[in-house]
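Residues per chain are reported as follows:
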Amino acid sequence: MTASLLSGKPLAKLIQQQAQTEAKVLAEEGTCPTLAVVVATEDSSTHWYVRSIERAAEAAGINCRIIDVGHDATEQVLIAVLKDLSAELSVNGIILQTPLPPGVRTQELVKYIAPEKDIDGANPLSLGLLAVGERAFAPATARAVVEILDHFEIPVAGRNVVVVGRSTVVGKPLSLLLLQKDATTTVCHSKSGALGTYTKTADVVVVAAGRTGLLTGADVSEHSVVIDVGTNVLSDGSLTGDVDEASVRPVAAALTPVPGGVGSVTTALLLLHTAEAAREQSRATSAPVLTR
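All values reported here derive from a predicted model rather than from experimental measurement.

Caption draft 1: A look at the packing of helix 5 (residues 124-131) against helix 7 (residues 171-180). The contact between helix 5 and helix 7 brings their axes to 10 Å, and the two run at 20°. Taken together, the axis directions place helix 5 and helix 7 in an arrangement best described as roughly parallel. When the axes of helix 5 and helix 7 are compared, the crossing they make is left-handed. The residues of helix 7 that touch helix 5, namely those facing Leu 127, Leu 130 and Ala 131, are Pro 173, Leu 176, Leu 177 and Gln 180. Partitioning the contact of helix 5 with helix 7 into residue classes produces six nonpolar, one polar and no charged.

Caption draft 2: Structural view of helix 1 (residues 9-28). Compared with an ideal rise of 1.5 Å per residue, which puts 20 residues at 28 Å, helix 1 spans 29 Å between its outermost C-alpha atoms and is within 8% of the ideal. Within the sequence span of helix 1, burial applies to Leu 11, Ala 12, Ile 15, Ala 19, Ala 23 and Leu 26. For helix 1, the angular spread of buried residues about the axis comes to 110°, placing them on one side. With respect to the buried face of helix 1, the exposed residues turned more than 90 degrees away are Lys 13, Thr 21, Lys 24 and Glu 28. Positioned one or two residues after helix 1, Gly 30 has a phi angle of 95°, which is positive.

Caption draft 3: Spotlight on the nonpolar core. If you look at the biggest cluster of nonpolar residues, it comprises 52 residues, and the most contacted ones within it are Val 145, Leu 149, Leu 174, Val 204, Ile 227, Val 229 and Val 265. Residue contributions to this core peak at eight residues, all from helix 10 (residues 262-286). A domain-level breakdown of this core finds at least three residues from each of domain 1 (28-118) and domain 2 (140-263). If sequence neighbours within four positions are ignored, Val 229 has contacts with Thr 141, Val 145, Val 170, Val 206, Val 207, Ala 208 and Val 262. The next biggest cluster of nonpolar side chains, apart from the first, holds 18 residues, and it includes Ala 73, Leu 82, Val 91 and Val 104.

Caption draft 4: Region of the structure containing the pattern of salt bridges. According to the stated counting rule, one finds 11 salt bridges in the structure shown. Between Glu 147 and Arg 143 there is a salt bridge whose closest N-O contact spans 3.1 Å. Here Arg 143 and Glu 147 lie together in helix 6 (residues 140-151), a separation of four residues that amounts to about one turn. A salt bridge links Arg 143 to Glu 276; the shortest N-O distance between them is 3.9 Å. Here Arg 143, found in helix 6, pairs with Glu 276, found in helix 10; they are 133 residues apart in sequence, far enough to count as distant. Because the salt bridges share partners, they merge into one network encompassing Glu 22, Glu 29 and Arg 279.

Caption draft 5: Focus on the sheet that holds strand 4 (residues 93-96). Ordered in space as 3-2-4, the three strands form an open sheet in which the pairing is parallel. The open sheet terminates on both sides in strands that have one partner only, identified here as strand 3 (63-68) and strand 4. Along the sheet, successive strands turn relative to each other by an average axial angle of 20°, direction set aside. Strands strand 2 (34-39) and strand 3 of the sheet are contacted by helix 2 (residues 44-60), whose axis makes an angle of about 155° with strand 3.

How each quantity is defined
Residues numbered from 1 in each chain as written. Predicted model: local features only at pLDDT ≥ 70, side-chain atom pairs only at ≥ 80, totals over all residues. Heavy atoms only, no water. Axes fitted to C-alpha atoms, helices over the stretch in contact; angles between N-to-C directions. Helix = DSSP H or I, 4+ residues; strand = E, 2+ residues; numbered from the N terminus. Parallel < 35°, antiparallel > 145°, perpendicular 65-115°, else oblique. Left-handed = near helix turned anticlockwise from the far one by under 90°. Contact = heavy atoms within 4.5 Å. Nonpolar A, V, L, I, M, F, W, Y, C, P; charged D, E, K, R; others polar. Expected span 1.5 Å × (residues − 1). Buried < 20%, exposed > 50% of the residue type's maximum accessible area, 1.4 Å probe, protein only. Arc of directions from axis to C-beta. Core = buried A, V, L, I, M, F, W, Y, C linked by side-chain atoms within 4.5 Å. Domains from an automatic or database assignment. Salt bridge = Lys/Arg side-chain N within 4 Å of Asp/Glu carboxyl O. Pairing = 2+ DSSP bridges.

Written out as structure tokens, the structure is:
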């Protein structure tokens with residue numbers, strides 16, 4: 001038995017088309033959806049990723065502004081930039097790209113991204129809204145996992161789903177999204193002990209810990225669907241996930257590849273979120289003011 005590969009590329013294309021359609025309608029109404037990406041690093045892989053977002057945005061008819069504040073930017077400079085972008089009416093979505101300069105606190109900065117423009121669910125307010133079931137943008141990577149499960153018609157309601165990793169970027173918001181879909185969700189982390197104790201009996205395993213080869217074939221069963229969220233850069237510049245594909249693929253029922261899996265869907269969702277944010281903001285500004 002060899003696991004079926006769940007490629008994210010066809011789904012990413014569908015989502016990009018949705019974003020493009022929405023952007024076209026908005027443009028006809030006089031609104032050009034605009035995404036602002038704030039960068040403060042010299043990391044070459046980060047700049048490559050940001051350029052890929054810019055190209056995808058252009059193809060979808062979404063304006064993408066790259067604000068490079070330099071690798072030595074201070075926390076105060078970044079806060080000022082985020083405040084200005086949050087107040088700027090022409091900007092609909094904001095991403096604060098990591099990594100950030102040494103000493104700069106990510107969790108402090110994301111508080112200055114307006115929730116209605118927080119298209120990657122970074123502001124703690126977004127996570128709080130998500131937790132109570134209110135409308136908010138979930139982190140795109142977390143939503144990408146759910147979209148892949150839906151696309152391949154993999155049910156989660158009443159099933160055992162294990163999420164490996166508890167970050168605010170993937171693990172925590174993903175667990176909330178899965179609970180909303182009635183999954184029986186377990187979150188594992190570095191203090192959980194033997195991983196296989198939890199994952200071996202899971203129907204779906206999502207690995208988002210940032211550790212190469214963390215999940216092996218000994219940790220899964222023949223009915224497991226494995227979603228690999230990891231994007232680890234090897235010494236030769238290639239990407240690999242958190243799953244040891246060589247040992248997992250002969251055992252599991254299905255597996256997402258790296259690259260070509262969750263990552264491609266994540267980028268597409270950032271564009272769709274930008275278009276959705278532009279639509280909501282357009283409605284808000286055009287709403288009549290009621291007076292007594």
